[in-house]
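Residues per chain, in single letters:
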Amino acid sequence: MRVMSGKTVTATLLLLSFLLLGVLYSYQNYSDVLPLSEEFHLEAKHLRYQQPSILIGRTDVVTVTPWLAPVVWEGTFDPVLLDGLYRPRNISVAVTVFAVGKYIRFLEAFLQTAEQHFFVGFNVHVYIFTDQPNEVPRVHMAPGRQVTVCSVPSSRRWQEISARRMELIQTLIEELSNHMDYIFCLDVDSRFHGRWGTESLGGLVGVIHPGYYRNRRNKFPYERRPESRAYLAPEEGDFYYCGGAFGGRLQEVHLMAKTCRQDFEADARGGMEAAWQEESHLNRYMWIHKPTKVLSPEYLWQDFKSREPEIRLIRFSGVTKNYAEIRPNT
Ligand code: UD2
């Protein structure tokens, strides 16, 4: 056997190092092209749950969109299985809620009912944006769940409060810089009545508005003036989505909030305000960027509406309120 000289050993070591660097470099590039999606890494080791079927299930409602995103209804998912899949991943969910002016009165019930129904047993961080930080009620929260209060200025126009939400959500996500996994942005004048949990997780998550899902698309209250960046033509649009509840992965919601904010500001420079402020911009965004998961109106009902037969469970619902009394302007 020939013994390698010192020079040969050095050259071999150098060659090996280059090879290793090359492998690492191409792996990194490869994983850039094919980002690892955690949804693909959910493991069902030792989980016991009811046998699923592709023959028996709900037939009274549509459970998948034409672009093959699930539409979530009671009876379409197994909460035991889903929680079992997500629990080992120790996921964290951020929530934004705005309570400006008289809307602070809704906060206590919102927080209390969230403790009972929203991602129970998971890490939840609620970010409250308010002009009255001292009035934020103290609500007992389970371990792993917390609240942060963020000060925002008061406003004399409710439209402004509604419109600024996208900007503040964008900034918050930038500050969170991936410390949370998912985010949901919810209206404060609402209460939870039933489970809202892991079944709602997805890349970009839209909630179907309870008021319009029987309407034809040309009757949806989209922004109809072509000069607006929120414009949708009568033959465009899939569903009418709520501005009062939406969410998803941080990066996806960040892109949506940023786009809606930019479009809203461009409209404002042209002297326009979309029909339903950020809700109109969100609807345009979700027409172009299809949500990866759609939540049925169970996820945002309205207390004044009588329950429809397809709504087996109301999970979250807007309280009935006197707009003239609680809004800063009419
Ligand atoms: C609808 C939407 C809402 C928003 C609005 C139009 C649903 C079910 N609701 O709700 O999301 O798109 O139309 O812009 O999708 N707020 C305050 N202080 C105020 C006024 C508003 O904090 O003085 C916040 C609060 O978090 C409230 C939210 O803005 O929940 C929406 O305002 P709203 O409840 O007055 O609007 P609403 O019920 O017509």
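Up top you'll find the structure we're talking about.
Keep in mind the model is a prediction, meaning the values are calculated, not measured.

Calculation rules
- Residues numbered from 1 in each chain as written.
- Predicted model: local features only at pLDDT ≥ 70, side-chain atom pairs only at ≥ 80, totals over all residues.
- Heavy atoms only, no water.
- Buried < 20%, exposed > 50% of the residue type's maximum accessible area, 1.4 Å probe, protein only.
- Helix = DSSP H or I, 4+ residues; strand = E, 2+ residues; numbered from the N terminus.
- Pairing = 2+ DSSP bridges.
- Right-handed = clockwise from strand over helix to strand, strands pointing away.
- Expected span 1.5 Å × (residues − 1).
- Bend = angle between axes of the 7 residues up to and from the residue.
- Phe/Tyr/Trp six-rings, centres within 6.5 Å; stacked < 30°, edge-to-face > 60°.
- Near = heavy atom within 4 Å.
- Polar contact = N/O pair within 3.5 Å; in protein donor to acceptor, adjacent residues only side chain to side chain.
- Areas by Shrake-Rupley, 256 points an atom, 1.4 Å probe, with all protein chains shown as cover.
- Nonpolar A, V, L, I, M, F, W, Y, C, P; charged D, E, K, R; others polar.
- Core = buried A, V, L, I, M, F, W, Y, C linked by side-chain atoms within 4.5 Å.
- Contact = heavy atoms within 4.5 Å.
- Axes fitted to C-alpha atoms, helices over the stretch in contact; angles between N-to-C directions.
- Parallel < 35°, antiparallel > 145°, perpendicular 65-115°, else oblique.
- Left-handed = near helix turned anticlockwise from the far one by under 90°.

(A) Looking closely at the pairing of strand 3 (residues 123–130). Burial of strand 3 is extensive: seven of the eight residues sit out of reach of the surface. Taken together, the eight bridges between strand 2 (residues 92–99) and strand 3 define a ladder with parallel strand orientation. Paired with Val97 across the two strands is Ile128, which belongs to strand 3. With respect to chirality, the unit in which strand 2 leads through helix 3 (residues 107–117) into the neighbouring parallel strand 3 is right-handed. The pairing of strand 3 with strand 4 (residues 145–151) spans seven bridges and is parallel. Following the sheet pairing, Ile128 is matched in strand 4 by Val149.

(B) Here's a closer look at helix 4 (residues 158–176). Here helix 4 is 19 residues long and its end C-alpha atoms lie 27 Å apart, about the 27 Å a rise of 1.5 Å per residue gives. Maximal helix bending in helix 4 amounts to about 30°, located at Arg165.

(C) Local environment of the packing of aromatic side chains. This structure, assessed with the given rule, holds 21 aromatic pairs. Here Phe184 and Trp196 contribute two aromatic rings whose centre-to-centre distance is 5.6 Å and whose plane-to-plane angle is 80°, an arrangement assigned as edge-to-face. You can see Phe184 sitting in strand 5 (residues 182–186) and its partner Trp196 sitting in the loop between strand 6 (190–192) and strand 7 (204–208), a full twelve residues away along the chain. In terms of burial, Phe184 and Trp196 fall into one category: buried. Their ring planes at 40° and their centres at 5.6 Å tell us that Tyr222 and Tyr240 sit as a pair that is tilted. Taken together, the residues Tyr222 in the loop between strand 7 and strand 8 (241–249) and Tyr240 in the loop between strand 7 and strand 8 connect sequence positions 18 residues apart.

(D) Layout of the site of the ligand. Taken together, 24 residues are adjacent to the ligand, and Phe98, Tyr103, Ser162, Asp189 and Lys321 come closest. Asp187 is positioned with one of its side-chain polar atoms (N or O) 3.1 Å from an oxygen atom of the ligand. Between the ligand and Glu279, the relevant distance is 3.0 Å, taken from an oxygen atom to a side-chain nitrogen or oxygen of the residue. Isolated, the ligand exposes 720 Å² of accessible area, and the fraction of that covered by the protein chains is 95%. At the level of elements, strand 2, helix 4, strand 8 and helix 6 (277–288) are the ones that each hand at least two residues to the shell around the ligand. Classifying every residue of the shell around the ligand gives twelve nonpolar, five polar and seven charged.

(E) A look at the nonpolar core. Within the largest apolar cluster, 44 residues are counted, with the highest numbers of intra-cluster contacts made by Leu107, Phe110, Phe118, Phe119, Phe184, Leu186 and Trp196. Mapped by element, the contributors of at least two residues to this core are helix 2 (79–86), strand 2, helix 3, strand 3, strand 5, strand 7 and strand 8. Discounting chain neighbours no more than four positions away, the residues touching Leu186 are Val95, Thr96, Val97, Phe98, Phe110, Phe118, Phe192, Trp196, Gly244, Ala245 and Phe316. Counting 36 residues, the second-largest nonpolar core is a separate cluster that includes Val152, Leu168, Met256 and Leu282.

(F) Quick look at the packing of helix 4 against helix 6. At a closest axis distance of 7 Å, the pairing of helix 4 and helix 6 adopts a crossing angle of 35°. Counting all contacts with helix 4, which are made through Trp158, Gln159, Ser162, Ala163, Arg165 and Met166, the residues of helix 6 involved are Gln277, Glu278 and Leu282. Grouping the constituent residues of the contact of helix 4 with helix 6 by class yields four nonpolar, three polar and two charged.

(G) Broad picture of the packing of helix 4 against helix 5 (residues 250–269). Where helix 4 contacts helix 5, the two axes come as close as 8 Å, and the packing angle between them is 140°. With respect to helix 5, the element helix 4 is oriented oblique. In this structure, helix 4 meets helix 5 at a crossing whose hand is left-handed. Side by side, helix 4 and helix 5 meet where Ala163, Met166, Glu167, Ile169, Gln170, Ile173, Glu174 and Leu176 of the first sit next to Leu250, Val253, His254, Ala257, Lys258, Cys260, Arg261, Phe264 and Glu265 of the second. Of the residues that constitute the contact of helix 4 with helix 5, the class distribution is ten nonpolar, two polar and five charged.

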